[in-house]
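Given next are the chains, with one letter for each unit.
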Amino acid sequence: MRAVTWQGRTDMQVIDVPDPRIEEPTDVVVRITSTGLCGSDLHLYDPLTPFMTPGDIVGHEPMGVVDAVGADVTAVAPGDRVVVPFNISCGTCWTCERGLHSQCETTQNRDQGTGASLFGYSKLYGAVPGGQAEALRVPFGNTLPIKIPHGPSDDRFLYLSDVIPTAWQAVEYADTPDGGTLLVMGAGPIGDMCARIAKHRGLRVIVVDLVPERLARITARGGETIDTTEIDPDDVPDRVRDLTDGRGSDSVIDAVGMEAHGSPVAETAQKALRFLPKKLQELAMQHTGSDRLDALYTAFESVRRGGTVSISGVYGGAASPMPMLQLFDKQLVIRQGQANVHRWSDDILELLQRDEDVLGVEDFATHRLPLEEAPAAYKSFRDKQDGMVKVVFQP
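Basis of the calculations
- Residues numbered from 1 in each chain as written.
- Predicted model: local features only at pLDDT ≥ 70, side-chain atom pairs only at ≥ 80, totals over all residues.
- Heavy atoms only, no water.
- Patch = residues over 30% accessible without salt bridge, like charges linked within 9 Å, V, L, I, M, F, W, Y side chains within 5 Å.
- Areas by Shrake-Rupley, 256 points an atom, 1.4 Å probe, with all protein chains shown as cover.
- Salt bridge = Lys/Arg side-chain N within 4 Å of Asp/Glu carboxyl O.
- Helix = DSSP H or I, 4+ residues; strand = E, 2+ residues; numbered from the N terminus.
- pLDDT = per-residue confidence, 0-100.
- Contact = heavy atoms within 4.5 Å.
- Axes fitted to C-alpha atoms, helices over the stretch in contact; angles between N-to-C directions.
- Parallel < 35°, antiparallel > 145°, perpendicular 65-115°, else oblique.
- Left-handed = near helix turned anticlockwise from the far one by under 90°.
- Nonpolar A, V, L, I, M, F, W, Y, C, P; charged D, E, K, R; others polar.
- Pairing = 2+ DSSP bridges.
- Buried < 20%, exposed > 50% of the residue type's maximum accessible area, 1.4 Å probe, protein only.
- Polar contact = N/O pair within 3.5 Å; in protein donor to acceptor, adjacent residues only side chain to side chain.
- Phe/Tyr/Trp six-rings, centres within 6.5 Å; stacked < 30°, edge-to-face > 60°.
- Lys NZ or Arg CZ within 6 Å of the ring centre and 35° of its normal.
- Arc of directions from axis to C-beta.

1. Topic: a nonpolar patch on the surface
Here comes step 1: A surface patch of nonpolar side chains, amounting to about 280 Å² of accessible area, comprises Tyr 297, Met 322 and Met 324.
Here comes step 2: Of note, Met 324 is situated in helix α11 (residues 324-329).

Next up, the structure:
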């Protein structure tokens, strides 16, 4: 089959790889019909490359049709249509039973000190082949794949794999009071979806970004925006306070993570890693690595006292300083982590199956491309070119 593979820093290639097959009696093999390009995939493109091996198959936002099932699989059958969550959770262990599927004790990577394995996301998370491919082996066939109805387009359900649960959890963790104000840092796919979910819940939403096309998507759905090309990014907290009776927003979602603009020292440090031997790169990232924290610091400054900061953007450093005096003095609540997809999937699926496209998922993608165009799409997405916000590959 054809698959998108990592071959080196900023070097993605679509090549022939062995077809997936049933390896355990609870496995299923899914023929992929749509698969997304996620902002987190850019972290593998650069800077999390020390944990990648040439030939790794990437991608973690797939859906498709079941082609084959193992002998013990009863929940799905060949021909069924399924969405595959990005985190690989057994659904039956102690953490899964408590809704912490991203911490699944069955697939935790204890040798790396990380949580549940993820599809297509480096040896930090299990080195499991990913879903930007023509087919995918999916373990835990009775509990992991989410069965969906035939009929509606892929776009109606695809984002149940990652985008919507990640945004849903971010909004839940933000715990914005009824009628309150939620500030979202970043209008990429996750920030955009956070804004849509929050507006659906009746919240006031303000979104910060610098890309015109992304900001336009927010205003088109009733959100307010702060364009950091029009003001000094350091003035964002003051602008937020001006819009909120001088207090700051009730809650903030950091949907940016390590890609934050305005962190030149950390950015230089990340880029300098490439000159170290690979093993030293791994150790540096795991024990002394620094992050680009500009968006997160802005979140801490912009939230009101006693407010909540919800972090959905991915960070990779292990030694970045935190402004503990400010966090303690402002009495902030901080919640974060990989989305627990199955914790939220029933509520989301109910919303997606309504006649009305409540969250606007059917036109959420800005680009639908064949798998063969993935290398160019990675570069354009990283460089925020061509109005690219969300890419869906169709193998």
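2. Re the confidence of the model for the protein chain
Here comes step 1: Confidence in the prediction for the protein chain averages 91 pLDDT; 90% of positions are at 70 or higher.
Here comes step 2: Every residue in residues 260-270 is under pLDDT 50, and counting partners more than four places away or in other chains gives 20 contacts.
Here comes step 3: Per-residue pLDDT stays below 50 along residues 283-290; that stretch engages in 27 contacts with residues further than four places along the chain or on separate chains.

3. With respect to the environment of Cys 38
Here comes step 1: On the secondary structure map, Cys 38 appears in the loop between β3 (28-37) and α1 (41-45).
Here comes step 2: The spacing of Cys 38 and Glu 61 is 23 residues in sequence and 7.5 Å in space, taken between C-alpha atoms.
Here comes step 3: Once residues lying within four places of it in the same chain are set aside, the contact partners of Cys 38 are His 60, Glu 61, Asp 162, Phe 381 and Lys 390.

4. Some words on the packing of helix α4 (residues 163-174) against helix α5 (residues 189-200)
Here comes step 1: Packing of α4 against α5 brings their axes to within 8 Å, and their N-to-C directions diverge by 60 degrees. The orientation of α4 relative to α5 falls into the category oblique. Seen from above, α4 lies across α5 with right-handed handedness. Residues Val 163, Ile 164, Thr 166, Ala 167, Trp 168, Ala 170 and Val 171 of α4 form the contact with α5, whose participating residues are Pro 189, Ile 190, Met 193, Cys 194 and Ile 197.
Here comes step 2: For the contact of α4 with α5, a count of residues per class yields 11 nonpolar, 1 polar and no charged.

5. Remarks on the sheet that holds strand β1 (residues 2-8)
Here comes step 1: Spatially, 3 strands are ordered β2-β1-β4 in an open sheet, and the strand pairing comes out antiparallel. Of all strands in the sheet, those with a lone pairing partner are β2 (11-16) and β4 (56-57), marking the two edges.
Here comes step 2: Pairing analysis gives 6 bridges linking β1 to β2, with the strands arranged antiparallel. The residue of β2 that forms the bridge with Thr 5 is Gln 13.

6. Things to note about the pairing of β1
Here comes step 1: The buried count for β1 comes to 5 of 7 residues, which makes it a mostly enclosed element.
Here comes step 2: Joining the antiparallel neighbours β1 and β2 is a turn of 2 residues, in which Thr 10 adopts a positive phi near 55 degrees.
Here comes step 3: Both β1 and β4 contribute to a ladder of 2 bridges, which runs antiparallel. Looking across to β4, one finds that Trp 6 is bridged to Asp 56.

7. Quick notes on the side chain of Asp 154
Here comes step 1: With respect to the secondary-structure elements, Asp 154 resides in helix α3 (residues 154-157).
Here comes step 2: Within the local environment of Asp 154, its side chain forms a polar contact with the side chain of Thr 33, the two groups lying 2.8 Å apart.
Here comes step 3: Excluding residues within four positions of it along the chain, Asp 154 makes contact with Thr 33, Ser 34, Met 63 and Arg 81.

8. Digging into the packing of aromatic side chains
Here comes step 1: In total, this model carries 3 aromatic pairs according to the counting rule given.
Here comes step 2: Taken together, a centroid distance of 5.7 Å and an interplanar angle of 35 degrees make the contact between Tyr 45 and Tyr 378 tilted. With Tyr 45 in helix α1 and Tyr 378 in helix α13 (residues 374-382), the pair connects residues that are 333 residues apart, well separated along the chain. Note on accessibility: Tyr 45 and Tyr 378 belong to one class, buried.
Here comes step 3: Consider the rings of Tyr 121 and Tyr 125, whose centres lie 6.2 Å apart with planes at 55 degrees: the pair is tilted.
Here comes step 4: The class of Tyr 125 is buried, set by a relative accessible area of 19%.
Here comes step 5: Here the guanidinium or amino end of Arg 217 rests over the ring plane of Phe 364, the centre of that ring lying 5.0 Å away.

9. As for the environment of Phe 381
Here comes step 1: Inspection of the secondary structure assignment puts Phe 381 in helix α13.
Here comes step 2: Note: C-alpha distance between Phe 381 and Val 391 (10 residues apart in sequence) is 8.2 Å.
Here comes step 3: Those residues in contact with Phe 381 that sit more than four places away from it in its chain are Leu 37, Cys 38, Gly 39, Leu 42, Pro 189, Arg 214, Met 388 and Val 389.

10. With respect to unusual backbone geometry
In most cases, non-glycine residues show a negative phi, while peptide bonds are predominantly trans.
Here comes step 1: If you check the backbone angles, Asp 175 has positive phi at about 55 degrees while not being a glycine.
Here comes step 2: Among the structural elements, Asp 175 can be located in the loop between α4 and β9 (181-185).
Here comes step 3: Unlike most non-glycine residues, Gln 331 shows phi in positive territory, near 55 degrees.
Here comes step 4: Inspection of the secondary structure assignment puts Gln 331 in the loop between α11 and β14 (333-336).

11. Let's talk about helix α6 (residues 212-220)
Here comes step 1: Among the residues of α6, Arg 214, Leu 215, Arg 217 and Ile 218 are the ones counted as buried. Viewed end-on, α6 has its buried residues packed into an arc of 155 degrees, placing them on one side of the element. Looking at α6, the residues exposed on the side facing more than 90 degrees away from the buried face are Pro 212 and Ala 220.
Here comes step 2: Buried residues in α6 make contact with α5, β10 (204-209), β11 (224-227) and α13.
Here comes step 3: With its phi angle positive at about 90 degrees, Gly 222 sits one or two positions after the end of α6.

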